[in-house]
Amino acid sequence: MFELSEKALRYRDDLLAFMDEQVYPAEAVYEAQMAESGDPHFQPPIVEELKTEAKKRGLWNLFHPHPQWGPGLTNLEYAPLAEIMGRSAHLAPEATNCSAPDTGNMEVLTLFGTPEHQQQWLRPLLDGEIRSAFAMTEPAVASSDATNIQLRMDRDGDDYVLNGRKWWTSNALHRNCKVLIVMGKTDTTAPTHRQQSMMVVPIDTPGVTVQRGLPVFGYQDREGHAEVTFENVRVPKTALLAGEGDGFMISQARLGPGRIHHCMRSIGMAERALDLMIDRAQSRTTFGEPVANRANIQDWIAESRIEIDMARLLTLKAAYLMDTVGNKAARTEIAAIKVAAPNVALKVVDRAIQVHGGGGVSDDFPLASMYAHLRTLRLADGPDEVHKRSIAQWELRRRDPNWGKKA
Ligand SMILES: Cc1cc2nc3c(=O)[nH]c(=O)nc-3n(C[C@H](O)[C@H](O)[C@H](O)COP(=O)(O)OP(=O)(O)OC[C@H]3O[C@@H](n4cnc5c(N)ncnc54)[C@H](O)[C@@H]3O)c2cc1C
């Protein structure tokens, strides 16, 4: 059922070769260039070199489902590729122009952008010349319920004027970030899910201020997770994506594929952590025997294999359903993998850290940074609890269709 097409197999082989020949050898160069710069948001030359090489090899925009912009792979075909990229998450997704949040933003601009938006922003995003950010979450309200957001988008003649504060706007500190997709409220008197709109806002518009980068467990990620203020930011009415009141609908459309990409990359990270765990357990000896001979360590290795394979199968099922019945009908499966994949990967990385001893929590191995990144995926794109709520609701209504519905 999940057999790969010939086309997908070709891309997989080419991507594996690119990883071995270019990406893994570049990891040490990347670390050295970042350390030498002393700037957490530096754009190291090695990343641009990898982008050139990936483009040359035809490994570009692999995520894009529309054939005019990329190879036109299905979610099921893209899944194993995203998993491979997840093994080197700082480098491979950006090298192939498959990084979040640009992938989601490119899909939004493809589906809902005007020809002008597409010319000005989508084209350079597809070419990897610029990057973008998505600003929905706000510090002042519980943003896992998107109907709470407060940023105002007030009509003034032919313009909208934006006022509000966002945070966790990932990518806003990337050196190439030029544009934000912003969610706010255009009409607070409309029905709950029709109050929100989305607009395309150039990051250098007067009144947009990137206040700070938020650290994750002390790490300042290169792309940055920014707190951004909007003070009387004036944009023309053509900044609107789709129509007034369509913001909630766009956010739902945007998050389906983005969630599945995160899950696939998490599985790749878990596979790499398992490799590291095994290598370490086989190469270190305590009390006269390799650590790998201990029953509890073998139990961790076996449990990790079982859990990774279960998470992968669930992810492939979600991808298959997205391709065959659509994102909306697959929403329960998408919610399920959004919970399952990061949690499984976190468990595997935690075991790998333990097997590495003190080294595991240091920066000499990629495990600590993997853990920090994966832990954020239990929050980003919606916390576990919100996805479990949706799954439980679906299960409860399966037995009683009126469960929880207001009379
Ligand atoms: C590294 C990182 C990157 C991010 N990138 C972006 C980005 O690019 N753009 C963007 O807009 N946002 C981004 N986010 C924000 C992320 O999407 C939000 O943090 C998330 O949606 C939760 O919103 P909140 O932080 O306001 O938490 P709140 O809504 O305040 O929720 C807090 C907690 O309450 C609990 N909770 C909430 N609802 C329920 C429920 N129904 N049942 C039980 N418990 C519940 C959960 O445990 C939840 O974690 C990012 C976050 C992180 C950490």
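What comes next is a walk through the structure. The residue numbers shown here count from 1 along each chain, following its written sequence. Confidence filtering applies because this is a predicted model: local features only for residues at pLDDT of at least 70, side-chain atom pairs given and counted only at 80 or more, and all residues used for totals across whole chains, interfaces and linings. Heavy atoms throughout the structure, all of them, feed into the side-chain values; hydrogens and water do not.

### Looking at unusual backbone geometry
Right, so step 1: Here Ala100 and Pro101 are connected by a cis peptide whose omega angle stands at 0 degrees.
Right, so step 2: Turning to its location among the elements, Pro101 is positioned in the loop between α4 (92-95) and α5 (102-112).
Right, so step 3: Despite not being glycine, Ala242 has its phi angle at roughly 50 degrees, a positive value.
Right, so step 4: Note on conventions: DSSP H or I runs of at least 4 residues are helices, E runs of at least 2 residues are strands, and numbering of each starts at the N terminus. Structurally, Ala242 can be placed in the loop between β7 (225-236) and α7 (247-283).

### Some details on the site of the ligand
Right, so step 1: Put simply, a residue is near a molecule or strand once any heavy atom of it comes within 4 Å of that molecule or strand. Near the ligand there are 19 residues, and of these Phe134, Thr137, Ser144, Trp168 and Ser170 occur at the shortest range.
Right, so step 2: Identification of polar contacts relies on pairs of N or O atoms within 3.5 Å, with a donor-acceptor requirement for protein atoms, meaning one able to donate a hydrogen and the other able to accept it, and with residues adjacent in sequence counted only if both atoms are side-chain atoms. A distance of 2.8 Å separates a nitrogen atom of the ligand from a polar side-chain atom of Ser170.
Right, so step 3: At 2.9 Å from an oxygen atom of the ligand is found a side-chain nitrogen or oxygen belonging to Glu385.
Right, so step 4: A total of 980 Å² of accessible area belongs to the ligand in isolation, and the protein chains cover 69% of it.
Right, so step 5: When contributions to the shell around the ligand are tallied by element, the ones reaching two or more residues are β3 (159-170) and α11 (384-399).
Right, so step 6: For the shell around the ligand, the element with the highest residue contribution is α11, accounting for 3 residues.
Right, so step 7: Its residues assigned to classes, the shell around the ligand shows 9 nonpolar, 7 polar and 3 charged. Note on areas: these come from Shrake-Rupley sampling with a 1.4 Å probe, and a residue is covered only by the protein chains present in the view. The classification used treats Ala, Val, Leu, Ile, Met, Phe, Trp, Tyr, Cys and Pro as nonpolar, Asp, Glu, Lys and Arg as charged, and all other residues, Gly among them, as polar.

### Here we look at helix α8 (residues 295-324)
Right, so step 1: For a helix, the expected span equals 1.5 Å multiplied by the number of residues minus one. Taking 1.5 Å of rise per residue, the 30 residues of α8 would be expected to cover 44 Å, and the 43 Å separating its terminal C-alpha atoms lies within 8% of that figure.
Right, so step 2: Within the span of α8, buried status applies to Ile297, Ser304, Glu307, Ile308, Ala311, Thr315, Leu316, Ala318, Ala319, Leu321 and Met322.
Right, so step 3: The positive-phi residue at the C-terminal boundary of α8 is Gly326, with phi of around 100 degrees. Residue exposure (1.4 Å probe, protein chains only): buried if accessible area is under 20% of the type maximum, exposed if over 50%, otherwise partly exposed.

### Considerations on the nonpolar core
Right, so step 1: The definition of a nonpolar core used throughout is a set of buried Ala, Val, Leu, Ile, Met, Phe, Trp, Tyr and Cys residues joined through side-chain atoms within 4.5 Å. Among the nonpolar cores identified, the biggest contains 85 residues, and Tyr78 and Leu241 are the most heavily contacted of them.
Right, so step 2: The element that contributes the greatest number of residues to this core is α7, accounting for 13 residues.
Right, so step 3: Discounting chain neighbours no more than four positions away, the residues touching Tyr78 are Leu62, Phe63, Leu73, Met85, Cys98, His261 and Met264.
Right, so step 4: Judged by nonpolar contacts, the second largest core, of 22 residues, contains Ala135, Val201, Phe230 and Leu240. What makes two residues a contact is simply this: any of their non-hydrogen atoms within 4.5 Å.

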